Amino acid sequence: MVKSERYIAAIGRRKSASAQVRYFPKGTGTITVNGMELPKYFAHFELRERALSPFVLIKEAAKGDVSVLVKGGGKHGQAEAVALGLARALVKLDPTYKTTLKKAGLMTRDPREKERKKPGLKRARRAPQWSKR
């Protein structure tokens, strides 16, 4: 357990999205993302569910406040970055959560990134259409 710190900080990343998560153990349970309430920022239910998946897995609601600053990427990548940052913060709070979160794949950063476009090709791997004559 973390003793005298005001908050627990962790960083989560996915694709080009980066989330700085601050978990305040003593709080009311409010979750804000970029200064907005979580349901307002992540309008779709699936994105909210993905972002809060660490709390669901450890079978406990947010007892403290969570403040997230997220930049870059799209909403889906941002939601997954928030989930990774939140999982890392919860493990700092209580190391016994690590086994549960690791089994669900929330403790590992997904390394897949968008591949760069190569010269002479239309996209990363898509070549121009070949014509025999």
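Residues numbered from 1 in each chain as written. Predicted model: local features only at pLDDT ≥ 70, side-chain atom pairs only at ≥ 80, totals over all residues. Heavy atoms only, no water.

Asker: Just to check I follow, could you spell out the pattern of salt bridges for this structure?
Answerer: Where charged atoms of side chains with opposite charge meet at close range, the side chains can pair. Enumeration according to the criterion identifies seven salt bridges in this entry. Residues Glu80 and Arg50 are paired through a salt bridge, measuring 3.8 Å at the closest nitrogen-oxygen approach. Taken together, the residues Glu80 in helix H4 (residues 75-93) and Arg50 in helix H2 (residues 45-51) connect sequence positions 30 residues apart. Arg50 sits in the partly exposed class, given a relative accessible area of 30%. The partner of Asp110 in a salt bridge is Arg112, with the nearest N and O atoms 2.7 Å apart. (Salt bridge = Lys/Arg side-chain N within 4 Å of Asp/Glu carboxyl O. Helix = DSSP H or I, 4+ residues; strand = E, 2+ residues; numbered from the N terminus. Buried < 20%, exposed > 50% of the residue type's maximum accessible area, 1.4 Å probe, protein only.)

Asker: Sorry if this is basic, but what is going on with the sheet that holds strand S1 (residues 8-14) here?
Answerer: Remark on secondary structure: sheet strands pair via backbone hydrogen bonds, oriented parallel or antiparallel. On the basis of which strands lie adjacent, the open sheet formed by five strands has the order S1-S2-S5-S3-S4 and mixed pairing. Bordering the open sheet on either side are S1 and strand S4 (36-37), each of which pairs with just one other strand. Relative to strand S2 (residues 17-24), S1 runs antiparallel, the two sharing seven bridges. When the sheet's bridge partners are listed, Arg13 is paired in S2 with Ser18. Each of S1, S2 and strand S5 (65-71) is contacted by H4, which is oriented at about 145 degrees to S1, the strand it contacts most. (Pairing = 2+ DSSP bridges. Contact = heavy atoms within 4.5 Å. Axes fitted to C-alpha atoms, helices over the stretch in contact; angles between N-to-C directions.)

Asker: Would you explain the packing of aromatic side chains in this entry?
Answerer: Counted by the stated rule, this structure contains three aromatic pairs. A ring pair is formed by Tyr7 and Phe24, whose centres lie 5.3 Å apart and whose planes are at 55 degrees; its orientation type is tilted. Taken together, the positions of Tyr7 in the segment before S1 and Phe24 in strand S2 put the pair 17 residues apart, joining distant regions of the chain. Residue class for Tyr7 comes out partly exposed when judged on its relative accessible area of 26%. Relative to Phe42, the ring of Tyr41 has its centre 5.0 Å away and its plane inclined at 85 degrees; by these criteria the two rings are edge-to-face. (Phe/Tyr/Trp six-rings, centres within 6.5 Å; stacked < 30°, edge-to-face > 60°.)

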